[in-house]
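Close look at the chain arrangement
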Amino acid sequence: MSEFVEPAVPGLFVADEHGARVLGSKCEACGTPYFPKVPVCHNPACPGSRMEPCGFGGRGVVWSYSVANFAPPAPHKYDKPFRPYAIGVVDLASGLRLVGQIVDPPEAVTVGAAVELVIEPLYHEGGKTFTTWKFKLV
């Protein structure tokens, strides 16, 4: 039986010829990035809110991280058996600070490590692979 691949939350990310990206917005007036998309800029110093769609991806640096050593409660879904994983706060080169799971073993993750945004499986259910954005050490 072949599995179908679909995003865990449609419309938040893509993987195409431009690479893996989360879909957000950026203010043309002040350059503030947002994920997910927002209709207006929330930067109090912004001279004028002019939002444009923007994809954020590529490389970044781990700003902080934590290790999930226990299974998360419902409604969070994951493949069993549960395996501990690192959750990183990453500063992307685009200026966006983004939280995401890190696919590498938790003991390999350090503050300041270089990572790249990737699209990876989050869990499997009903013959489908549900994907999300994650980070991979580079």
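Our structure is the block above this text.
Residues numbered from 1 in each chain as written. Predicted model: local features only at pLDDT ≥ 70, side-chain atom pairs only at ≥ 80, totals over all residues. Heavy atoms only, no water.

**Focus: the pattern of salt bridges**
Taken as a whole, this structure holds 5 salt bridges when the rule is applied. The partner of Glu6 in a salt bridge is Lys128, and the shortest N-O contact between them spans 3.3 Å. Taken together, the positions of Glu6 in strand β1 (residues 4-7) and Lys128 in strand β10 (residues 128-137) put the pair 122 residues apart, joining distant regions of the chain. Residue class for Glu6 comes out partly exposed when judged on its relative accessible area of 27%. Of the residues examined, Lys128 reaches a relative accessible area of 30% and is grouped as partly exposed. (Salt bridge = Lys/Arg side-chain N within 4 Å of Asp/Glu carboxyl O. Helix = DSSP H or I, 4+ residues; strand = E, 2+ residues; numbered from the N terminus. Buried < 20%, exposed > 50% of the residue type's maximum accessible area, 1.4 Å probe, protein only.)

**So, the packing of aromatic side chains**
By convention here, two paired aromatic rings are described through the distance between centres and the angle between planes. Per the stated rule, a full pass over the model turns up 5 aromatic pairs. A centroid spacing of 4.7 Å and a plane angle of 15° characterise the contact between Tyr123 and Phe130, whose relative ring orientation is stacked. Each member of the pair, Tyr123 together with Phe130, is buried. Clustering of aromatic rings is evident, with ring pairs tying together Phe13, Phe35 and Trp133. Sitting over the face of the ring of Trp63, Arg97 holds its NZ or CZ atom 3.9 Å from the ring centroid. (Phe/Tyr/Trp six-rings, centres within 6.5 Å; stacked < 30°, edge-to-face > 60°. Lys NZ or Arg CZ within 6 Å of the ring centre and 35° of its normal.)

**Describing the environment of Phe13**
By secondary structure assignment, the location of Phe13 is in strand β2 (residues 13-16). It is 11 Å that separates the C-alpha atoms of Phe13 and Cys54, two residues lying 41 residues apart in sequence. If we skip the residues at most four places from it in the chain, Phe13 touches Pro7, Ala8, Arg21, Val22, Leu23, Ile119, Thr131, Thr132 and Trp133. (Contact = heavy atoms within 4.5 Å.)

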